[in-house]
Amino acid sequence: QVQLVESGGGLVQAGGSLRLSCAASGSTFSIDTMGWYRQAPGKQREWVATISSGGTTLYADSVKGRFIISRDNAKNTMYLQMNSLKPEDTAVYYCKSLRAPYDGAYWGQGTQVTVSS
């Protein structure tokens, strides 16, 4: 089992920055891919970015060039540096992890990010 706890959300003005953290605990030795997702009010949860155990990153087009995903395996923590924030980035941000071998997806409880115009 893996437990994930997000932090770092808050209220920021458009153009500002925030850094989210996702701390993993439990059977962290088997964590493989990790990622960030977000869900805005009235919308489906959408993928934001992914990072592999080796550090390979992928981004949704909507955040490419503005957000940076990273992880510190020694600290069992993943980060999302969000720059040039826009009001449309307002959402609850969730972290997700997958273990190897695969046994399902693990999710955090989410952290609210609100960007004011």
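To start, this report covers the structure provided alongside it. Keep in mind that this is a model prediction, so the values were computed, not measured.

## Quick word on the packing of aromatic side chains
Evaluated as defined, the whole model comprises one aromatic pair. Considering the side-chain rings of Tyr 37 and Trp 107, the 5.0 Å spacing of their centres and the 65° angle between planes classify their relative orientation as edge-to-face. Placement of Tyr 37 in strand β4 (residues 31-39) and of Trp 107 in strand β10 (residues 105-107) is noted, with a sequence separation of 70 residues between them.

## Topic: the nonpolar core
Ranked by size, the top nonpolar core spans 28 residues in total, and within it Trp 36, Leu 80, Met 82 and Tyr 93 carry the most contacts. For this core, the elements supplying multiple residues, two or more each, are β1 (2-7), β3 (18-26), β4, β5 (46-51), β7 (67-72), β8 (77-82), β9 (91-99) and β11 (111-116). Setting aside chain neighbours within four positions, we find Tyr 93 in contact with Glu 6, Leu 20, Trp 36, Tyr 37, Arg 38, Val 48, Phe 67, Leu 80, Met 82, Gly 110, Thr 111 and Val 113.

## Quick look at the pattern of salt bridges
Counted under the stated rule, the structure contains five salt bridges. The salt bridge partner of Asp 89 is Arg 66, with a shortest N-O separation of 2.7 Å. Residue Asp 89 is located in the loop between β8 and β9, and its partner Arg 66 is located in the loop between β6 (57-59) and β7; the two are separated by 23 residues in the primary sequence. Arg 66 matches Asp 89 in its accessibility class, with the two residues each being buried. Three or more residues joined by partner-sharing salt bridges are found here, namely Arg 38, Glu 46, Arg 66 and Asp 89.

## Quick word on the state of the cysteines
In protein chemistry, a disulfide is the covalent bond that joins the sulfur atoms of two cysteines. Under the counting rule described, the total for this entry stands at one disulfide. Shown here is the disulfide that connects Cys 22 with Cys 95, its sulfur atoms set 2.1 Å apart. One quick way to see it: the torsion about the S-S bond of Cys 22 and Cys 95 is about 60°, and its sign makes the bridge right-handed. Placement of the pair is Cys 22 in strand β3 and Cys 95 in strand β9, with a sequence separation of 73 residues. As far as the burial class goes, Cys 22 and Cys 95 line up, both buried.

About the cut-offs
Residues numbered from 1 in each chain as written. Predicted model: local features only at pLDDT ≥ 70, side-chain atom pairs only at ≥ 80, totals over all residues. Heavy atoms only, no water. Phe/Tyr/Trp six-rings, centres within 6.5 Å; stacked < 30°, edge-to-face > 60°. Helix = DSSP H or I, 4+ residues; strand = E, 2+ residues; numbered from the N terminus. Core = buried A, V, L, I, M, F, W, Y, C linked by side-chain atoms within 4.5 Å. Buried < 20%, exposed > 50% of the residue type's maximum accessible area, 1.4 Å probe, protein only. Contact = heavy atoms within 4.5 Å. Salt bridge = Lys/Arg side-chain N within 4 Å of Asp/Glu carboxyl O. Disulfide = S-S within 2.5 Å.

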